Amino acid sequence: MRRETADTANVVQFHGVGVRYEHGPEILQDIDFSLPAGSFHFLTGASGAGKSSVLRLMYLAQRPNRGRIVLFGRDVGTLRRYQMPALRRRIGVVFQDFRLLDHLSTLDNVALPLRVAGASEQDVRKFVPDLLDWVGLTDQIHAKPPTLSGGQKQRVAIARAVIGRPELLVADEPTGNVDDQIAMRLMYLFEELNKLGTTVLIATHNENLVSRLRHPRLHLEQGHLRLG
Amino acid sequence: MFGHRSDLPLKDDASTRFLPWLVAPMVFLCAVALAGVFILSTLINRWDRDVSGTLTIEIAAAPGEAGESAEQTRIRVEQALRILGGTPGVADAHALTQEQLVGLLAPWLGNSELLKELPLPAMVDVTLQPDIPVDLDALGKQLSQAVPGASVDDHRIWLARLIGLSRSIEWLAIGVVVLIGGVTSATVFYATRSAMAVHHEVIEVLHLIGAADAYIARQFAERAFTLGFRGGVVGLGLTLPVLAAIGLGAHKLKGGFLADLSLPLSGWLAVLSLPAFAALLAMLTARATVHRTLARMP
Ligand SMILES: Nc1ncnc2c1ncn2[C@@H]1O[C@H](COP(=O)(O)OP(=O)(O)OP(=O)(O)O)[C@@H](O)[C@H]1O
Ligand SMILES: [Mg+2]
């Protein structure tokens with residue numbers, strides 16, 4: 001216990017984690033892995049293998065049925081409710097289904113993590129347009145999600161995940177809706193962020209991407225996770 | 001109202017839009033009940049002051065011709081005053097003059113010359129010492145035996161009953177105010193819950209990107225405050241003409257038994273502060289509701 005919580009070299013640690021939904025079988029069994037600070041990993045596996053479930057555990061949307069998860073050196077199981085928001089702000093999330101807020105403009109969607117963390121409007125105006133420029137959404141800055149294409153939405157979702165310079169970035173199929181060229185551009189964005197110190201975990205089907213970028217891969221199969 | 005921006009599209013929300021139209025009649029009812037409480041308590045205080053420490057003895061006019069009757073009555077009054085003077089607990093006793101009697105009757109019978117011709121009963125005003133209890137029944141018996149036609153006016157007993165009844169009504173009105181507050185709060189509770197259900201996905205996103213419960217609750221609370229205040233103002237708008245009409249009616253009765261039927265200043269202040277109270281109640285309820293609901297999220 002003491003050994004692990006003191007271990008700040010690992011941003012994420014899973015110890016014998018198991019997950020089941022309702023009364024079904026365990027879709028994740030004895031998951032053990034850790035993400036060292038500053039690392040970049042892919043998470044692969046067939047559809048339904050449990051990639052999104054692993055990520056949901058990491059961004060605290062879900063609790064494991066057994067086992068222990070340590071984030072930033074803190075055992076998630078012992079966290080009090082009021083301590084969770086601060087921890088969540090250190091994690092940037094790209095959801096598989098984007099989860100943009102339809103009534104907010106691109107600018108306001110991307111600004112959300114800053115505002116939630118209490119940033120000033122000055123900071124919002126300073127950082128958000130630059131990032132939108134980088135992901136090629138300057139023309140859509142005032143557009144609302146329903147008027148955006150799938151690929152544009154995806155980029156808004158990614159911009160929202162990275163705007164707060166999170167220490168840990170988890171992305172669920174972040175390149176599912178864009179062509180390979182834009183996919184690579186987005187990957188470079190993640191790599192830039194990674195170079196600045198962010199630990200990155202990306203769940204993806206895209207074998208092409210995984211082989212082009214030489215990052216270690218965690219593979220899920222039949223409820224088990226293995227490195228390689 | 002607060003100048004804060006909101007991440008939740010609460011502005012055009014069907015589940016809360018009706019709130020002002022529910023708060024308005026609540027505030028109206030509450031204002032009427034509150035006005036009742038204030039008017040009654042003023043009345044009770046006045047009656048209370050009237051009954052404590054005073055007593056009236058009535059001595060029927062003696063039969064016979066006008067002059068003779070007056071003389072007889074005067075003798076009876078003297079007797080009564082003697083008895084009262086010897087009664088422990090009586091601080092002062094004096095007969096009302098003919099002018100005072102006529103003055104008392106004037107509101108009912110007019111200031112007619114005829115009054116002076118009538119064989120009026122005599123009245124003795126008695127002031128009691130505040131700390132010595134007087135056995136009114138015994139005194140009454142003693143007086144009526146010694147002085148023909150004398151009786152202790154029992155308005156004290158009657159007023160005490162009236163005060164008791166008024167107090168009950170006062171408590172009833174306070175109960176009504178509390179009940180209205182409870183119903184309003186429950187309405188806001190359900191409206192907030194259904195608004196949260198409608199915006200479940202937005203709330204979840206805010207939650208997952210690290211919004212504290214208070215951040216989300218604030219947005220609902222500010223919205224509820226605005227809606228509650230709006231309803232309160234409408235309700236107050238409905239109330240003011242009614243209270244003004246009562247005040248006008250009371251003014252016409254002025255000088256009589258119900259002289260204080262108009263709303264005292266404190267009552268006006270209480271009624272005028274109702275919209276703010278409604279807004280505050282809505283805000284606190286919404287906030288508590290959001291916190292309670294969010295506590296169930298992981
Ligand atoms: N909320 C849920 N309730 C019940 N079962 C669920 C739930 N979420 C996921 N599952 C099941 O858990 C298993 C893993 O789902 P998960 O979404 O983690 O897979 P995935 O690897 O992300 O798949 P994909 O590549 O299609 O996104 C699936 O069999 C799925 O049916
Ligand atoms: Mg998935």
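Residues numbered from 1 in each chain as written. Chains lettered and ligands numbered in written order. Predicted model: local features only at pLDDT ≥ 70, side-chain atom pairs only at ≥ 80, totals over all residues. Heavy atoms only, no water.

1. Some thoughts on the coordination of the magnesium ion (ligand 2)
Within the protein, the magnesium ion (ligand 2) binds to Ser-52 of chain A (OG) and Gln-96 of chain A (OE1); these donor distances fall in the range 1.9 to 2.2 Å. Note that Ser-52 of chain A is positioned in helix 2 (residues 51-58) and Gln-96 of chain A in the loop between strand 6 (91-94) and helix 4 (106-116), a separation of 44 residues in sequence. (Donors = N, O, S within 2.8 Å, 3.2 Å for Na, K, Ca; no water. Helix = DSSP H or I, 4+ residues; strand = E, 2+ residues; numbered from the N terminus.)

2. Brief notes about the packing of aromatic side chains
Counting across every chain of the model gives five aromatic pairs over all chains. Note on Phe-40 of chain A and Phe-42 of chain A: the rings are 5.7 Å apart at their centroids and 65° apart in plane angle, and the pair reads as edge-to-face. Both residues of the pair, Phe-40 of chain A and Phe-42 of chain A, belong to the buried class. Centre to centre, the rings of Phe-189 of chain B and Tyr-190 of chain B are 5.0 Å apart; their planes meet at 70°, and the pair counts as edge-to-face. Under the relative-accessibility criterion, Tyr-190 of chain B is labelled exposed at 54%. When the ring centre of Phe-95 of chain A is taken as origin, the NZ or CZ atom of Arg-99 of chain A, which lies over that ring, is 4.9 Å away. One residue, Arg-218 of chain B, lies across the ring of Tyr-215 of chain B, its end atom 5.6 Å from the ring centre. (Phe/Tyr/Trp six-rings, centres within 6.5 Å; stacked < 30°, edge-to-face > 60°. Buried < 20%, exposed > 50% of the residue type's maximum accessible area, 1.4 Å probe, protein only. Lys NZ or Arg CZ within 6 Å of the ring centre and 35° of its normal.)

3. Section: the sheet that holds strand 4 (residues 150-152) of chain B
Residues and elements named next belong to chain B. Taking strand neighbours across the sheet as the criterion, the four strands line up as 2-3-1-4 in an open arrangement whose pairing is antiparallel. In the strand order of this sheet, the two ends are held by strand 2 (90-95) and strand 4, each with one partner. Between one strand axis and the next, the sheet turns through 20° on average, direction left out of account. Examined bridge by bridge, strand 1 (residues 54-59) and strand 4 share three bridges and lie antiparallel to one another. When the sheet's bridge partners are listed, Glu-58 is paired in strand 4 with Ser-151. Lying on the sheet, helix 6 (residues 136-146) is in contact with strand 1 and strand 4; it crosses strand 4 at an angle near 170°. (Pairing = 2+ DSSP bridges. Axes fitted to C-alpha atoms, helices over the stretch in contact; angles between N-to-C directions. Contact = heavy atoms within 4.5 Å.)

4. Description of the domain arrangement of chain B
Looking at the assigned domains, one finds that chain B contains domain 1 (10-49 + 159-296) and domain 2 (61-148). Here the C-alpha centre of domain 2 of chain B lies 52 Å away from the C-alpha centre of domain 1 of chain B. (Domains from an automatic or database assignment.)

5. What to know about the nonpolar core
Residue and element names in this part refer to chain A. Residues Val-110, Val-128, Leu-132, Phe-190 and Ile-202 are the most contacted members of the largest nonpolar core, which totals 39 residues. Contributions of two or more residues to this core are made by strand 3 (40-45), helix 4, helix 5 (121-134), helix 6 (150-162), strand 7 (168-172), helix 7 (180-195), strand 8 (199-203) and helix 8 (207-212). No other element matches helix 7, which puts seven residues into this core. Of all hydrophobic cores here, the second largest spans 35 residues; its members include Tyr-59, Leu-79, Ile-91 and Ala-203. (Core = buried A, V, L, I, M, F, W, Y, C linked by side-chain atoms within 4.5 Å.)

6. Structural notes on the site of ligand 1
Residues and elements named next belong to chain A. Looking at ligand 1, there are 13 residues lining it, with Ser-47, Gly-48, Lys-51, Ser-52 and Ser-53 nearest. A distance of 2.9 Å separates an oxygen atom of ligand 1 from a polar atom in the backbone of Gly-50. Arg-56 places a side-chain nitrogen or oxygen 3.4 Å from a nitrogen atom of ligand 1. Considered on its own, ligand 1 offers 630 Å² of accessible surface; in the complex 62% of this is hidden by protein. (Near = heavy atom within 4 Å. Polar contact = N/O pair within 3.5 Å; in protein donor to acceptor, adjacent residues only side chain to side chain. Areas by Shrake-Rupley, 256 points an atom, 1.4 Å probe, with all protein chains shown as cover.)

7. Section: the packing of helix 4 of chain A against helix 5 of chain A
Each pair of packed helices can be summarised by the angle the axes make with each other and by the distance between the axes. Residues and elements named next belong to chain A. Interaxial distance between helix 4 and helix 5 falls to 10 Å at its minimum, and their mutual angle equals 125°. Judged by the angle between their axes, helix 4 and helix 5 are oblique. As helix 4 runs across helix 5, the sense of the crossing is right-handed. Residue-level inspection shows Thr-106, Leu-107, Val-110, Ala-111, Leu-114 and Arg-115 of helix 4 in contact with helix 5, the latter providing Glu-121, Val-124, Val-128, Pro-129, Leu-131 and Leu-132. Within the contact of helix 4 with helix 5, the residues separate by chemical class into nine nonpolar, one polar and two charged. (Parallel < 35°, antiparallel > 145°, perpendicular 65-115°, else oblique. Left-handed = near helix turned anticlockwise from the far one by under 90°. Nonpolar A, V, L, I, M, F, W, Y, C, P; charged D, E, K, R; others polar.)

8. Thoughts on the confidence of the model for chain A
When pLDDT is averaged across chain A, the result is 90; 96% of the residues are at 70 or more. Below pLDDT 50 for its whole length, residues 1-6 of chain A participates in six contacts with residues either more than four positions away or in separate chains. (pLDDT = per-residue confidence, 0-100.)

9. Some points on the pattern of salt bridges
Residues and elements named next belong to chain A. Applying the stated criterion across every chain, the model contains 14 salt bridges over all chains. The salt bridge partner of Lys-195 is Glu-192, with a shortest N-O separation of 4.0 Å. Taken together, the residues Lys-195 and Glu-192, both in helix 7 and three residues apart, mark about one turn of the helix. Since its relative accessible area comes to 66%, Lys-195 is described here as exposed. A relative accessible area of 41% means that Glu-192 is categorised as partly exposed. The salt bridge partner of Glu-207 is Arg-217, with a shortest N-O separation of 2.9 Å. In this pair, Glu-207 is assigned in helix 8 and Arg-217 in strand 9 (residues 217-221), connecting sequence segments 10 residues apart. Among the charged side chains, a salt-bridge network with shared partners connects Glu-26, Asp-30 and Arg-66. (Salt bridge = Lys/Arg side-chain N within 4 Å of Asp/Glu carboxyl O.)

10. Side note on the sheet that holds strand 8 of chain A
Whether parallel or antiparallel, the strands of a sheet pair through hydrogen bonds between backbone atoms. All names here are of chain A. One open sheet holds the six strands; their spatial order is 6-7-8-3-9-10, and the pairing between them is mixed. The open sheet terminates on both sides in strands that have one partner only, identified here as strand 6 and strand 10 (224-227). The average angle at which neighbouring strand axes cross in this sheet is 15°, direction not considered. The strands touched by helix 2 are strand 3, strand 6, strand 7, strand 8 and strand 9; relative to strand 7, the strand with the most contacts, the crossing angle is about 150°. Against the sheet, helix 7 touches strand 3, strand 7 and strand 8, its axis set at about 155° to strand 8.

11. Describing the environment of Gly-197 of chain A
All names here are of chain A. Relative to the helices and strands, Gly-197 resides in the loop between helix 7 and strand 8. Sequence spacing of Gly-197 and Lys-153 is 44 residues, and the spatial spacing of their C-alpha atoms is 26 Å. The contacts of Gly-197, once residues within four sequence positions are left out, are Gly-38 and Glu-167.

12. What about unusual backbone geometry?
A negative phi angle characterises most non-glycine residues, just as the trans form characterises most peptide bonds. Residues and elements named next belong to chain A. Phi at Asp-30 is positive, roughly 45°, even though this residue is not glycine. Relative to the assigned elements, Asp-30 resides in strand 2 (residues 26-36). Within the chain, Phe-72 stands out as a residue other than glycine whose phi angle is a positive 50°. Structurally, Phe-72 is set in the loop between strand 4 (66-71) and strand 5 (74-75). Judged by its relative accessible area of 12%, Phe-72 falls in the buried class.

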